[in-house]
Amino acid sequence: MIFGLFRRRPREGEHKTYDEIVAQARQPVFYTDYRVPDTLDGRFDLIVAHAVVLFQRLAGENKTVSEFSQNVFDLFFHDMDASLREMGVTDTRVPKKVKAMGEAFYGRADAYAPCLSNDDVDGLSQALSRNIYTDAPDPVAERALAHYMLAAAKALAAQDTAELMTGKLDWPVPAAFAPDEELAPGRNDGQD
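Here goes a summary of the coordinates provided.

## Considering the nonpolar core
Within the largest apolar cluster, 56 residues are counted, with the highest numbers of intra-cluster contacts made by Phe-105, Tyr-112 and Leu-145. Elements supplying a minimum of two residues to this core: helix H1 (12-25), helix H2 (28-32), helix H3 (40-58), helix H4 (63-86), helix H5 (94-117), helix H6 (121-131) and helix H7 (139-157). Per-element tally for this core: the top contributor is H3, with eleven residues. With near-sequence residues (within four places) excluded, Leu-145 lies in contact with Phe-30, Tyr-34, Val-36, Leu-46, Leu-128, Ile-132 and Tyr-133.

## Some points on the layout of surface pockets
In this model, the second largest pocket occupies a volume close to 260 Å³. Contributing elements (two or more residues each) for the lining of the second largest pocket: H3, H4 and H5. The dominant element in the lining of the second largest pocket, judged by the number of residues it contributes, is H5, at five residues. Grouping the amino acids of the lining of the second largest pocket by side-chain chemistry returns eight nonpolar, four polar and one charged.

## Notes on the packing of H6 against H7
Taken N-terminus to C-terminus, the directions of H6 and H7 make an angle of 120°; their axes are 8 Å apart at the nearest point. Comparing their axes, H7 and H6 come out oblique. Note that H6 runs across H7; the crossing there is right-handed. Of the residues in H7, those touching H6 at Val-121, Asp-122, Leu-124, Ser-125, Leu-128 and Ser-129 are Glu-142, Arg-143, Leu-145, Ala-146, His-147, Met-149 and Leu-150. Grouping the amino acids of the contact of H6 with H7 by side-chain chemistry returns seven nonpolar, three polar and three charged.

## Here we look at the side chain of Glu-142
Within the element layout of this structure, Glu-142 appears in helix H7. One buried charged residue, Glu-142, remains without a salt bridge, the closest side chain of opposite sign being Arg-143 at 8.7 Å. Setting aside its immediate chain neighbours within four residues, Glu-142 contacts Ser-125, Leu-128, Ser-129, Tyr-133 and Pro-137.

## Side note on unusual backbone geometry
Phi is positive for Arg-35, which is not a glycine, with a value near 55°. Inspection of the secondary structure assignment puts Arg-35 in the loop between H2 and H3. For Asp-119, which is not glycine, the phi dihedral falls at a positive 55°. In this structure, Asp-119 sits in the loop between H5 and H6.

Procedures and definitions
Residues numbered from 1 in each chain as written. Predicted model: local features only at pLDDT ≥ 70, side-chain atom pairs only at ≥ 80, totals over all residues. Heavy atoms only, no water. Core = buried A, V, L, I, M, F, W, Y, C linked by side-chain atoms within 4.5 Å. Buried < 20%, exposed > 50% of the residue type's maximum accessible area, 1.4 Å probe, protein only. Helix = DSSP H or I, 4+ residues; strand = E, 2+ residues; numbered from the N terminus. Contact = heavy atoms within 4.5 Å. 1 Å grid on protein atoms, 1.4 Å probe; cavity = no way out; pocket = protein on both sides within 12 Å on 5 of 7 lines; lining within 4 Å. Points joined across faces, edges and corners; volume = space filled by probe spheres on them. Nonpolar A, V, L, I, M, F, W, Y, C, P; charged D, E, K, R; others polar. Axes fitted to C-alpha atoms, helices over the stretch in contact; angles between N-to-C directions. Parallel < 35°, antiparallel > 145°, perpendicular 65-115°, else oblique. Left-handed = near helix turned anticlockwise from the far one by under 90°. Lys, Arg positive; Asp, Glu negative; His and termini not counted. Salt bridge = Lys/Arg side-chain N within 4 Å of Asp/Glu carboxyl O.

Pasting the structure below:
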């Protein structure tokens with residue numbers, strides 16, 4: 001506990017960047033039009049998806065940027081730890097849960113990153129199906145979310161790294177990529 005007193009406090013840009021990731025992932029359109037499950041897991045997965053897009057953009061930059069990315073990542077898991085405790089998870093179970101979340105993050109990053117790098121809509125759709133739409137596969141929503149993530153990767157790639165590190169993230173508007181309601185599974189098209 002005493003060693004925590006000597007840790008560096010996160011910089012304002014790191015906090016703002018993490019807050020921007022979370023704010024974007026919490027937009028209601030993802031849970032309505034994209035039909036991402038509005039559950040703890042669904043919300044976690046959307047934060048991971050946005051974080052992976054940002055971290056993929058910042059990968060390969062200089063040491064300062066690498067440290068920045070690591071600090072934003074650390075904020076993410078500090079927030080997950082605090083959230084679990086607020087939900088009443090016992091102190092002995094929190095580290096195990098956070099470890100499982102870390103493994104999930106890295107697994108998703110390994111699945112999403114190559115697709116983002118190669119502009120691979122099909123591969124990203126399949127990865128999203130395995131990770132987000134596990135209980136109710138939704139090919140239309142999966143593909144729409146893949147297109148959104150690829151557009152987000154392109155939008156962040158167009159931004160200056162220094163600007164990104166201030167927490168100004170130019171995410172695309174999710175509604176612009178939302179699935180067409182007429183193509184959504186289980187919808188009645190009026191033809192019986």
